[in-house]
Amino acid sequence: MSSTTRLLPQAQIDRLDAICRATSIIPVLVIERLDHAVPLAQALVDGGLDVLEITLRTDCAVEAMQRIREALPEVTLGAGTVLGVEQYRICEELGVDFVVTPGTTPALFEHGIASEVPLLPGVATVSEVVTGWERGYRRFKFFPAEANGGAKALKSFGGPLPEALFCPTGGVTVDNAADYLALPNVMCVGGSWMAPKALVDQEAWAEITRLTREATQRYPR
Ligand SMILES: O=C(O)C(=O)C[C@H](O)[C@H](O)COP(=O)(O)O
């Protein structure tokens, strides 16, 4: 790395900390129908979660985020499944509060350094953490958490890299969340368990609120 390589400013780490420390759980949402966006977000807010990640996996995801932004300004809005710089830029224009990637390329790390919108970069290995670390990153999403060794793996990451803090997602449930949240290097967990596809398809908003409340009561911030 040359001496002119720009590093992630501490202010960006602080902004991400403020978001991740405000909640113990970040719901990861897939919105397939635009008219589901606001009632789904409302169901989660009613259950006590207001930091939401909307994945860019569906055609209506960007418009869904716009609608949530307008209808529920109190929500801290994250864009997930951001796979490239172009998508990152779209999210910046939309005014989201943070961007999450499932895995992270050098171009995404680079873009996150200059962006006004903080990046929670997805990593799966220690080498990927170190790649981000070299650029100043200290906060990461660990994905897919359960398939990559779960809480045991994250505990081991803490040996050489105690300052790196994580939001594990992928296979996290209301039960195994406890193992992650007990670790000193876990800020919060992410998951879709409180808004599974079947319940969203059925528009079972009250049940989603119930599952969310169960989670927030068990893991209050
Ligand atoms: O696509 C992305 O960028 C993601 O954010 C991946 C999600 O975090 C996981 O798919 C959530 O995992 P589950 O809770 O097991 O459904």
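Here the structure is a predicted model, which means the values were calculated and not measured. (Residues numbered from 1 in each chain as written. Predicted model: local features only at pLDDT ≥ 70, side-chain atom pairs only at ≥ 80, totals over all residues. Heavy atoms only, no water.)

**Student:** Just give me the short version of the side chain of Arg135, but keep the residues and values in it.
**Tutor:** Within the secondary structure, Arg135 sits in the loop between α6 (126-134) and β7 (139-142). Relative accessible area serves as the criterion here: at 12%, Arg135 is assigned to the buried category. (Helix = DSSP H or I, 4+ residues; strand = E, 2+ residues; numbered from the N terminus. Buried < 20%, exposed > 50% of the residue type's maximum accessible area, 1.4 Å probe, protein only.)

**Student:** Lay out the sheet that holds strand β4 (residues 98-100) with the relevant residues and their values.
**Tutor:** Two strands in a sheet stick together by hydrogen bonds in their backbones, pointing the same way (parallel) or opposite ways (antiparallel). In space, the 6 strands of this open sheet follow the order β5-β4-β3-β2-β1-β9, with parallel pairing throughout. Either end of the sheet is taken by a strand with one partner, and the two such strands are β5 (119-120) and β9 (189-191). As judged from the 2 bridges shared by strand β1 (residues 25-29) and strand β2 (residues 51-55), these two strands associate in the parallel manner. Bridging from a neighbouring strand, Val28 pairs with Glu53 of β2. (Pairing = 2+ DSSP bridges.)

**Student:** An account of the environment of Leu161 is needed here, citing residue identities and associated values.
**Tutor:** The topology assignment puts Leu161 in the loop between α7 (150-157) and β8 (165-168). With residues up to four places along the chain from it excluded, the contact list for Leu161 reads Val126, Val129, Val130 and Trp133. (Contact = heavy atoms within 4.5 Å.)

**Student:** Give a description of unusual backbone geometry that names residues and reports values.
**Tutor:** Put simply, Phe143 and Pro144 share a cis peptide bond, and its omega is -10°. Structurally, Pro144 is set in the loop between β7 and α7. Not every positive phi belongs to a glycine, and Thr81 is a case in point at roughly 55°. Of note, Thr81 is situated in the loop between β3 (76-80) and α4 (85-94). Residue classification places Thr81 among the buried positions, given a relative accessible area of 17%.

**Student:** I'd like a rundown of the pairing of β3, residues and numbers included.
**Tutor:** In terms of burial, β3 is a largely internal element, 4 of the 5 residues being buried. In this sheet, β3 lies alongside β2 in parallel orientation, the contact comprising 5 bridges. Its bridge partner lying in β3, Val51 is registered against Thr76. In the classification by handedness, the crossover that spans β2, the intervening helix α3 (residues 61-71) and the parallel β3 is right-handed. Each parallel crossover has a hand, and the one from β3 via α4 to β4 is right-handed. (Right-handed = clockwise from strand over helix to strand, strands pointing away.)

**Student:** Describe in detail the sheet that holds β8, supporting the description with residues and values.
**Tutor:** A sheet is described by the order of its strands in space; here 3 strands give the open sequence β6-β7-β8, paired in parallel fashion. Looking at which strands have only one partner, the edges of the open sheet turn out to be β6 (122-123) and β8. One ladder, built from 2 bridges, connects β6 with β7; its direction is parallel. Paired with Gly122 across the strands is Lys141, a residue of β7. Strands in contact with α6 are β6, β7 and β8; relative to β7, the strand with the most contacts, it is inclined by about 155°. (Axes fitted to C-alpha atoms, helices over the stretch in contact; angles between N-to-C directions.)

By themselves these figures say nothing about function.
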